[in-house]
Amino acid sequence: MLRKEDPRFLRGKGHYLDDVQLPGMLHLAILRSPVAHARIVSIDTSAAEAHPKVKAVVTGETLAGLGLAWMPTLSNDVQAVLATDKVRFQGQEVAFVVAEDRYAARDALELIDVEYDMLQPVIDVRTALADDAPVIRDDLEGKTNNHCFDWETGDAAATEAAFARADVVVSQDIVYPRVHPAPMETCGSVADYDRIDGRLTLWSTSQAPHAHRTLYAIVAGLPEHKIRVISPDIGGGFGNKVPIYPGYVCSIVGSIVTGKPVKWMEDRSENLVSTGFARDYVMRGEIAATRDGKILAIRTNVLADHGAFNGTAAPVKYPAGFFGVFTGSYDIEAAYCHMTAVYTNKAPGGVAYACSFRITEAVYLVERIVDCLALELAMDPVALRIKNFIQPDQFPYTTKTGWVYDSGDYEPTMREAMRIAGYDELRREQAEKRERGELMGIGVAFFTEAVGAGPRKDMDILGLGMADGCELRVHPTGKAVVRLSVQSQGQGHETTFAQIVAEEIGIPPADIDVVHGDTDQTPFGLGTYGSRSTPVSGAAAALVARKVRDKARIIASGMLEVSVADLDWDKGSFHVKGDPTKAVTIQEIAMRAHGAGDLPDGVEGGLEAQICYNPENLTYPHGAYICVVDIDPGTAQVKVRRFIAVDDCGTRINPMIIEGQVHGGLTDGVGMALMEIIAFDEDGNCLGGSLMDYLIPTALEVPDWETGFTVTPSPHHPIGAKGVGESATVGSPPAIVNAVIDALQPYGVRHADMPLTPSRVWDAMQGNATPP
Ligand code: MCN
Ligand code: CUN
């Protein structure tokens, strides 16, 4: 089925945040810190205030007077809305101007005079905990260092024992650099505060409108029923639009102060420099195995750079997200991870960029280290993986770090990828090319993800349980509307959720409207990220439709004058068992539910239902990826020649949409593996602040993707579906890096860190794989 939303998008009729125009609307611009770490001595706003088009200038001091200078982050830290005492990263919000138009607001920023007293910045995560490192978070009472949190999982002693017994131990330092989701549409908001009835309407680029509304109620002390958050069409999120940004709060304050609607819309550089980054993990991976390739244990030690404020978005019990799945798809004896997270003078975030809370880092770690082991054992990387896979009869499988993988059948997926790739033939080709001095590499990665957060007994964000509401209403003429708490940013929910409901109640998808993104129109739920829409809201949609069908069955029994047990469902109609001519359609039932005439005893009129779905477990999609690269030995330029992706996301709702999701994620992966990095100089200047410096892949850098699939349904999901929106971003970077390292075997390279730009590959070829 083609996407229902596309006629709108393809004709330029999408309605994005910047399309919101309200009468009398003013425009907001944010003054940002030019430096990474400095004390604010004074701010002079008089010249800006005198600008004829300026309506308000607000500083941190003004906000402090309202109790709004600081706001909670999604991970129980606090973040400055506008800096009061110090600036803690380049690009931090210092003041804002509200003016009659966008140009005047920007012009007035230049009239604000801030005097900074420079402080030494903390940039290198490796020295952030040094005794003499300046303390970044002196706003936190009693804070005397830059320590953010420590976290561990697994069994240290059992792991130690397994390592002691191993024939072979391999360790490798691996960096997953700071990257940025860089959605096509930047972040923004329009706030409209009605002073008479105290109502706030906020249009914002939010992936989670309900969660945001509750947080505004808590932060600003506004009554929740008087706040309406609307996410219009969103031009890509990729995790970037999960956090609450100071700009959203500023627009609210701007509207309260001026009594007018206020729009804030970031430019590209503001988005790259100040909004949620991803990754930034410095990892040491260790793997222990027997000589014949049985993996015994995996151990890792991580140094995590969280920037100036801990703005990570993850369920609160999981400070390092779902990094705990770092044991991958392998049946091992023991595992242990220790992590130290620190503050640095960099933008806050730690959002998962197209990954369910740090799974990308985990998968990268395990898939790199397994390849290092294959090299050490001189074993084929596919054979090593297959030898260690969790077997089908072991599911549900409890990992050594406590995750329960719901289902999986790994080897067929791996074999399918090998079949499409022509794996053996590729290896032969590679051998020939090596003889001729050509650099061809074949990289393999196999991943298991944990998506669909999550069971409310152990998952919440700031106390909000991660269950999703869903409402289905069938109108008298048999058309329907399904109301979701999740919010599409391009994933095609208007199509796929209509398909889920259609499958259950037999109303054609074209007759089912999907409503989302408006807290006044939809039931409560935690939003779209971590590929949770299908696992959680998708389940809710199926179950709410079944609830409606159950009621329809009772009404049908009255219409056909038989007992409920004597009815058979035939996708779209009920008929009397054994007599298909005595039938009523769902449309006829809908009319009866709303119309004249008797209904069976005890049945209320109407045909609708509501549900709140609390998932029993996460879903665990998996996939096998194979990448073929060629490297120019003269320029060290990597070309991805082929990429084969075989994904297993259980029951597939819309194969075309899945394929689109996979294509997008694979392209992300090429970006991360070969091009993208948010780097900083030693003064804390962000070196990735424009798309001239932060390189994202285009059609030129990517091959024709070759996709395939297997289907292993989730046993606990009502229709067996698992999430897929992030699978390809998670699985592709290790496949590409493994391919590059494989190509560099003639140079004896075991590892090189992303992004594998020509200069890094060149360095690796010269025997200098660790970037300075
Ligand atoms: N789907 C399906 N069958 C399945 C699983 C999914 O047909 N078994 C369909 C779904 O119905 C949905 C799409 O695939 O239309 C993605 O579903 P799902 O895996 O549940 O992920 P979400 O809808 O929750 O989307 C979130 C995910 C995340 S977290 C990021 S990041 C990401 C991604 O989606 N951001 C995206 N894909 C994106 N795609 C676009 N265009 N824009 C983004 O910002
Ligand atoms: Cu993981 S980025 Mo998506 O969860 O929005």
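Residues numbered from 1 in each chain as written. Chains lettered and ligands numbered in written order. Predicted model: local features only at pLDDT ≥ 70, side-chain atom pairs only at ≥ 80, totals over all residues. Heavy atoms only, no water.

A. Just the packing of helix α13 (residues 493-505) against helix α14 (residues 533-560), in detail. With their axes 8 Å apart at the nearest point, α13 and α14 run at an angle of 35 degrees to one another. Where α13 crosses over α14, the handedness of that crossing is right-handed. Within the contact between the two elements, α13 uses H493, F497, I500, V501, E504 and I505 and α14 uses S533, S537, G538, A541, A542, A545, R546, V548 and R549. Across the contact of α13 with α14, the residue classes break down as eight nonpolar, four polar and three charged. (Axes fitted to C-alpha atoms, helices over the stretch in contact; angles between N-to-C directions. Helix = DSSP H or I, 4+ residues; strand = E, 2+ residues; numbered from the N terminus. Left-handed = near helix turned anticlockwise from the far one by under 90°. Contact = heavy atoms within 4.5 Å. Nonpolar A, V, L, I, M, F, W, Y, C, P; charged D, E, K, R; others polar.)

B. Geometry of the pattern of salt bridges. Counting across every chain of the model gives 53 salt bridges. One salt bridge connects D101 with K53, and the closest N-O pair in it is separated by 3.1 Å. Of the two residues, D101 is situated in the loop between β7 (93-99) and α4 (102-109) and K53 in the loop between α2 (46-50) and β3 (54-59); the sequence distance between them amounts to 48 residues. A residue is classified by how much of its surface remains accessible, and K53, at 33% relative accessible area, is partly exposed. One salt bridge connects R126 with D124, and the closest N-O pair in it is separated by 3.7 Å. Look at R126 and you get exposed, because its relative accessible area is 54%. Taken together, the salt bridges that share partners define one network made up of R39, D77, D85, K86, R88, R137, D138 and D139. (Salt bridge = Lys/Arg side-chain N within 4 Å of Asp/Glu carboxyl O. Buried < 20%, exposed > 50% of the residue type's maximum accessible area, 1.4 Å probe, protein only.)

C. Here's a closer look at unusual backbone geometry. Residue G454 is reached from A453 by a cis peptide bond, and omega for that bond is -20 degrees. By the secondary structure assignment, G454 is in the loop between β21 (439-448) and β22 (460-461). Following M754, the chain continues to P755 via a peptide bond in cis, the omega torsion being -5 degrees. As for its placement among the helices and strands, P755 is situated in the loop between α17 (727-743) and α18 (758-765). In the Ramachandran plot, N76 falls in the positive-phi region, its phi being about 65 degrees despite a non-glycine side chain. One can find N76 in the loop between β4 (70-72) and β5 (78-80). In the Ramachandran plot, E561 falls in the positive-phi region, its phi being about 55 degrees despite a non-glycine side chain. Among the secondary structure elements, E561 is positioned in the loop between α14 and β27 (567-569). Classification of E561 as exposed rests on a relative accessible area of 71%.

D. Local environment of the site of ligand 1. Taken together, 33 residues lie near ligand 1, and G237, H493, T534, Q661 and V724 sit nearest. Between a nitrogen atom of ligand 1 and a main-chain N or O atom of C649, the distance comes to 3.3 Å. For ligand 1, the protein covers 95% of the area, taking 830 Å² as the surface of the free molecule. Mapped by element, the contributors of at least two residues to the shell around ligand 1 are α13, α14 and α16 (655-674). Of the residues in the shell around ligand 1, the class split is 10 nonpolar, 19 polar and four charged. (Near = heavy atom within 4 Å. Polar contact = N/O pair within 3.5 Å; in protein donor to acceptor, adjacent residues only side chain to side chain. Areas by Shrake-Rupley, 256 points an atom, 1.4 Å probe, with all protein chains shown as cover.)

E. Inspection of the packing of aromatic side chains at higher detail. Enumeration according to the criterion identifies 24 aromatic pairs in this entry. Considering the side-chain rings of F322 and W403, the 5.0 Å spacing of their centres and the 55 degrees angle between planes classify their relative orientation as tilted. Residue F322 is found in the loop between β16 (295-305) and β17 (334-342), and its partner W403 is found in the loop between β19 (397-398) and β20 (404-405); the two are separated by 81 residues along the sequence. By relative accessible area, which is 0% here, F322 ends up buried. With centroids separated by 5.6 Å and ring planes inclined at 80 degrees, the aromatic side chains of F395 and Y410 adopt a geometry described as edge-to-face. Here Y410 lies in helix α11 (residues 410-421) and F395 lies in the loop between α10 (381-388) and β19, a separation of 15 residues in the sequence. Each member of the pair, F395 together with Y410, is buried. Taken together through their ring pairs, the aromatic side chains of Y318, F322, F357, W403 and Y529 make up a single cluster. Just above the ring of F9 sits the side chain of R8; from NZ or CZ to the centre is 4.8 Å. (Phe/Tyr/Trp six-rings, centres within 6.5 Å; stacked < 30°, edge-to-face > 60°. Lys NZ or Arg CZ within 6 Å of the ring centre and 35° of its normal.)

F. Expanded view of the site of ligand 2. Neighbouring ligand 2 are the residues Q207, F238, G239, A352, Y353, A354, C355, Y529, G530 and E726. Residue Q207 places a side-chain N or O atom 2.8 Å away from an oxygen atom belonging to ligand 2. Between ligand 2 and the protein, one listed contact pairs an oxygen atom with a backbone N or O atom of G239 at 3.1 Å. Split into classes, the residues belonging to the shell around ligand 2 amount to six nonpolar, three polar and one charged.

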